[in-house]
Amino acid sequence: MNLTTKQKQHLKGLAHNLKPVVMLGGNGLTEGVLAEIDSALSHHELIKVKLASGDRELKNAIVDAIVRETQADKIQLIGHVLVLFRQSEEMKIAVPKAK
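Here the structure is a predicted model, which is why all the values come from computation and not from measurement.

Quick look at the sheet that holds strand β2 (residues 46-50)
Here we have four strands laid out as an open sheet, ordered β1-β2-β4-β3, and mixed in their pairing. The open sheet has two free edges, formed respectively by β1 (22-23) and β3 (73-78), since each of these has just one partner strand. Pairing analysis gives two bridges linking β1 to β2, with the strands arranged parallel. Looking at the pairing, Met23 lines up with Lys50 of β2. The sheet contacts of helix α2 (residues 31-44) involve β1, β2 and β4 (81-85), and relative to β2 the element is tilted by about 155°.

Brief notes about the packing of α2 against helix α3 (residues 56-70)
For the pair α2 and α3, interaxial distance at closest approach is 10 Å and the crossing angle is 60°. By the criterion of interaxial angle, the relationship of α2 to α3 is oblique. For the element pair α2 and α3, the recorded crossing hand is right-handed. In contact with Leu34, Ile37, Asp38 and Leu41 of α2, α3 contributes Ile66, Glu69 and Thr70. Residues belonging to the contact of α2 with α3 are distributed by class as follows: four nonpolar, one polar and two charged.

A closer look at the environment of Val95
When you line up the elements, Val95 lands in the segment after β4. For Val95, a relative accessible area of 18% gives the class buried. Between the C-alpha atom of Val95 and that of Gln9, which follows or precedes it by 86 residues, the distance is 10 Å.

Focus on α2
Here α2 spans 20 Å end to end across 14 residues, near enough to the 20 Å set by a 1.5 Å rise per residue. Of the positions making up α2, those classed as buried are Val33, Leu34, Ile37, Ala40 and Leu41. Taken down its axis, α2 places every buried residue within 125° of arc, on the same side. Of the exposed residues in α2, those oriented more than 90 degrees away from the buried face are Glu31 and His43. Lining the buried residues of α2 we find β1, β2, α3 and β4.

Considerations on the pattern of salt bridges
Inspection of every chain in the model, using the stated rule, returns two salt bridges. The partner of Glu69 in a salt bridge is Arg68, and the shortest N-O contact between them spans 3.8 Å. The exposure class assigned to Glu69 is partly exposed, which follows from its relative accessible area of 47%.

How each quantity is defined
Residues numbered from 1 in each chain as written. Predicted model: local features only at pLDDT ≥ 70, side-chain atom pairs only at ≥ 80, totals over all residues. Heavy atoms only, no water. Pairing = 2+ DSSP bridges. Helix = DSSP H or I, 4+ residues; strand = E, 2+ residues; numbered from the N terminus. Contact = heavy atoms within 4.5 Å. Axes fitted to C-alpha atoms, helices over the stretch in contact; angles between N-to-C directions. Parallel < 35°, antiparallel > 145°, perpendicular 65-115°, else oblique. Left-handed = near helix turned anticlockwise from the far one by under 90°. Nonpolar A, V, L, I, M, F, W, Y, C, P; charged D, E, K, R; others polar. Buried < 20%, exposed > 50% of the residue type's maximum accessible area, 1.4 Å probe, protein only. Expected span 1.5 Å × (residues − 1). Arc of directions from axis to C-beta. Salt bridge = Lys/Arg side-chain N within 4 Å of Asp/Glu carboxyl O.

The structure is reproduced here in structure tokens:
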């Protein structure tokens, strides 16, 4: 799903008060962590993931891998916190229509 800037802004506003539901530790991106992110996206649609990597290149590679493996949309990455969105069948979060 390609989101417009307006839709991403709306989702950023909704994500502002959320706490990270998944935290990547020293082991990095494992199958278990990916499964947990996938499960959280299916249940919540909009989640925050806290990344532990201090290396910018490694952090960007991890973010790209998460987005690719979960088929989620990257809403924003600020510091060590990644916001992801993937709409489920129930469409729990109403996204403004694209113009």
